[in-house]
Amino acid sequence: MAFGNNYGSKSWSQPIFILKEGSQRTRGRDAQSSNIAAAKAVAGAVRTTLGPKGMDKMLVDTIGDVVITNDGVTILKEMDIEHPAAKMMVEVAKTQDDEVGDGTTTAVVVAGELLKRAEDLLEQDVHPPTVIAHGYRLAADKAQELIKDIAIEVKADDVEMLGKIADTAMTGKGAEAAKEKLCDLVVRSVTMVADEDNTVDTDFIKIEKKVGGTIDDSEIIEGVVIDKERVHPPGMPKLVENAKILLLNAPVEYKKTEVDAEISITSPDQLQMFLDEEEKMIKAIVEKIIASGANVLVCQKGIDDIAQHYLAKAGILAIRRVKKSDMTKLSRATGASVVSSIDAIEESELGASGRVEEKKVSGEEMIFVTECINPKAVTLIVRGGTEHVVDELDRALEDALRVVSVAVEDKKFVAGGGAPEVEMSLRLREYAATVGGRAQLAIEAFAAALEIIPRTLAENAGLDPPIDMLVELRSEHEAGRKTAGLDVFDAKPTDMLVAGVIEPMRVKTQAIASAAEAAVMILRIDDVIASSGAGAGPSPEEMAAMGGMGGMGGMGGMPPGMM
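This one's a predicted model, so the numbers in the text were calculated from it and none came from an experiment.

Ranked by internal contacts, the top residues of the largest apolar core, which has 72 residues, are Leu76, Tyr136 and Phe446. For this core, the element with the most residues is helix 5 (residues 128-150), which contributes 10 residues. Apart from the residues lying within four places of it in its own chain, the contact partners of tyrosine 136 are Leu114, Arg117, Ala118, Ala442, Ala445, Phe446, Val520 and Leu523. Counting residues in each nonpolar core, the second largest holds 61 residues, with Met170, Cys183, Ile245 and Val296 among its members.

By the element assignment, glycine 363 lies in the loop between strand 14 (351-361) and strand 15 (364-372). Taking C-alpha positions, glycine 363 is 9.6 Å from lysine 210, a pair spaced 153 residues apart along the chain.

This paragraph deals with the side chain of threonine 49. Here threonine 49 shows up in the loop between helix 1 (28-47) and strand 4 (57-60). Overall, threonine 49 belongs to the buried group, its relative accessible area being 3%. Within the structure, the side chain of threonine 49 is placed 2.6 Å from the backbone oxygen of valine 46, a separation counted as a polar contact. If sequence neighbours within four positions are ignored, threonine 49 has contacts with Gly54, Met55, Lys57, Asn70, Ile75, Thr105 and Asn460.

What follows concerns the environment of glycine 500. Among the structural elements, glycine 500 can be located in the loop between helix 16 (496-499) and strand 20 (502-504). Classification of glycine 500 by relative accessible area gives buried; the value is 10%. Between the alpha carbons of glycine 500 and glycine 163 there is a distance of 9.2 Å; along the sequence they are 337 residues apart. The residues contacting glycine 500, other than those within four sequence positions of it, are Lys164 and Thr168.

As a further point, take the pattern of salt bridges. Within this structure, the stated rule accounts for 31 salt bridges. Taking the shortest distance from any N to any O, the salt bridge between arginine 230 and glutamate 358 comes out at 3.0 Å. Residue arginine 230 is found in the loop between strand 9 (223-226) and strand 10 (239-248), and its partner glutamate 358 is found in strand 14; the two are separated by 128 residues along the sequence. The burial state of arginine 230 is the same as that of glutamate 358; both residues are buried. A salt bridge links glutamate 430 to arginine 427; the shortest N-O distance between them is 2.9 Å. On the criterion of helical spacing, the pair formed by glutamate 430 and arginine 427 is a turn pair, its members being 3 residues apart in helix 12 (residues 419-435). For glutamate 430, a relative accessible area of 47% gives the class partly exposed. Put simply, Lys206, Glu208 and Asp326 are held in one network by salt bridges that share partners.

Attention shifts here to the sheet that holds strand 16 (residues 378-384). Ordered by their spatial adjacency, 3 strands build an open sheet running 7-16-8, and the pairing between neighbours is mixed. A single partner strand is all that each edge strand has here, and the edge strands are strand 7 (205-211) and strand 8 (219-221). Direction aside, neighbouring strands of the sheet carry axes that sit 25° apart on average. Relative to strand 16, strand 7 is paired through 7 bridges, and the arrangement is parallel. Within strand 16, the residue paired with valine 211 across the bridge is glycine 384. Where helix 11 (residues 387-410) meets the sheet, its contacts fall on strand 7 and strand 16, and the angle it forms with strand 7 comes to roughly 165°.

Each value, and the rule that gives it
Residues numbered from 1 in each chain as written. Predicted model: local features only at pLDDT ≥ 70, side-chain atom pairs only at ≥ 80, totals over all residues. Heavy atoms only, no water. Core = buried A, V, L, I, M, F, W, Y, C linked by side-chain atoms within 4.5 Å. Buried < 20%, exposed > 50% of the residue type's maximum accessible area, 1.4 Å probe, protein only. Helix = DSSP H or I, 4+ residues; strand = E, 2+ residues; numbered from the N terminus. Contact = heavy atoms within 4.5 Å. Polar contact = N/O pair within 3.5 Å; in protein donor to acceptor, adjacent residues only side chain to side chain. Salt bridge = Lys/Arg side-chain N within 4 Å of Asp/Glu carboxyl O. Pairing = 2+ DSSP bridges. Axes fitted to C-alpha atoms, helices over the stretch in contact; angles between N-to-C directions.

These figures capture arrangement, not role.
Rendered as C-alpha cells:
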C-alpha cells in the first residue's frame, strides 16, 4: 500500500509503503457505501421472517446439517458472514437475544433502515459524525422516553397478560398448533421459579427435547428431569419415595495416584491383597454414603462397578456423570448441598424430594425428581414429530420464557403489531421541529426508519400496497389511538390490546438502543484497511487499534455468502 508524501517545500515523487503488499484500503464515500450495503444486505436477509406471516429460512452448513427457522439471531449465527460491517449487525442481534431473548429481527431491520435513510442524507453532503450521528442519538434518547410514556403496567401474577406476551413471542414460529398449551407451560414455569423480589433466572427452567409424539404431549415437570438412567438397573430401585438426595461432586472410586506409579507383585497372594484393598477402599466410601441416610445418590463423576454393587444392595438409586447445570438445579429444587469430598458427607447436606423415579420417554430412560420441597427449578419436556420441529419449538419456548421473565421483572409492556413504532415516528417528527438546525434532518430520518416495522409486517402478510396500511395506521395514531397496530389477518388497523398482541417494554427499548448504536458506529467509519491474506484475521493488538472490527477478509465488497 503506497502513500504519497509532501513534506515542507520539498516534494517527493517516491511513494512510501507502510502496509504489506496485497493489503486493501477503502476510503471516504466508497468505504461508507460498502459498509452500508453490507449492513443492508444482512437486514434484508432476515426481513422476510418478521411477523406472524413471516417466512422461514433453511440453512445448510458445510457438513450438511440443516436448520429451519425464522428466528433472526439463529439465522445470522448460522450464516457464514465475512464482511466486518455485516458482523456488527450480527452483534446487534446477539445483544438483543442476550438481553431480552426476542426482537432480534426487529433490531436488525431497524438498524438496516437507519443506515439506508442515512445514505440518502450522505448523498446530500450531510456530515455523518456532526449531523447524522448527533441527530440519531437525540432521536434514540427521545424514543426511549416515548416508549416509557406509552408503556402499560402489568402485575407479576397477571397470568392472562403474561400468557398474551408469551403468545406474541411464539407467533409465527411453528408453534401455532398447540400455542395455548405452550403459553400455559411458559407462564407456569416462570411464575414457579420467580423469586420473591420478582427476579427470574431462566437457567432454572430446563428444556428437555425428545423426538416422538406430538406437540400436545409436551409437559411441565415440577422438579428436575435428568437424561440419565440408573447405574445398575437390575439391582437398584426404579422408584424411591420420600427421597433423601445426596449430590456428590467426587468419584465413588478408589483413589488413583497423581503421578505414574508401578507396583511389583511377585505372588498371587499379593495380587489378591491388592484387589481386596481396592474393594475395601470403595466399600468404605459406600458405607459413608449409607451412613448419611441417603437413598438417592446423584454423582457428577464416575461410580465404580464394585460401588454400584454395594449401593444396589443398600437399596440406593444412583446416577453418575450428571451435568453441572443439572446439579445446580437439583440443589435449588431439593435444598441439597453439592458435596465435593467424600469425607464431608453428612446428613445435613442431603436434600429432600417426595418422589424420584426412572421413566421411559421416547424409548429412553430418564430420572424424574418431583414433589420437591421448593420447586424453584422446573423442567419442560418438549415433544414433536421430527427433530427440526422439536428444535424450532425449543427456540420458540426459549424466546417466550425470556420475554415473560422480562415482563415479570420490569412489570411493563407495550402494544405490538407496529403500534409503538408508528407512535414514536409521529412524536419524533414533532420533536424534530422543536430541535431545528441540520440535526432535524437526522431525527426525521430516524422517525421514517421506524416505520419499516409496520411496513414489513404488511409486506410479509401480502397486503398490497403496504403504504395504504401505513397511512391508515398514521391516521389512527393522529386521532389519539396509541395502541392501534396492524392486524395482518384482517388487513386493517386494530387495537392491539384487544387483539392480545403485546410485548415487554424492554424488547423495544433494547432494539432501538442497539440499532441506533450500530448505525452510528458504521456511519462514523470512513477508512477501511484490510490486511493481506484471504480469511486471515488481524492480531488482537490490531483489533484493539481498529475498534474490534473482527475479521478483515473480503473488504472490497460483499463476500460470496452475503450476496
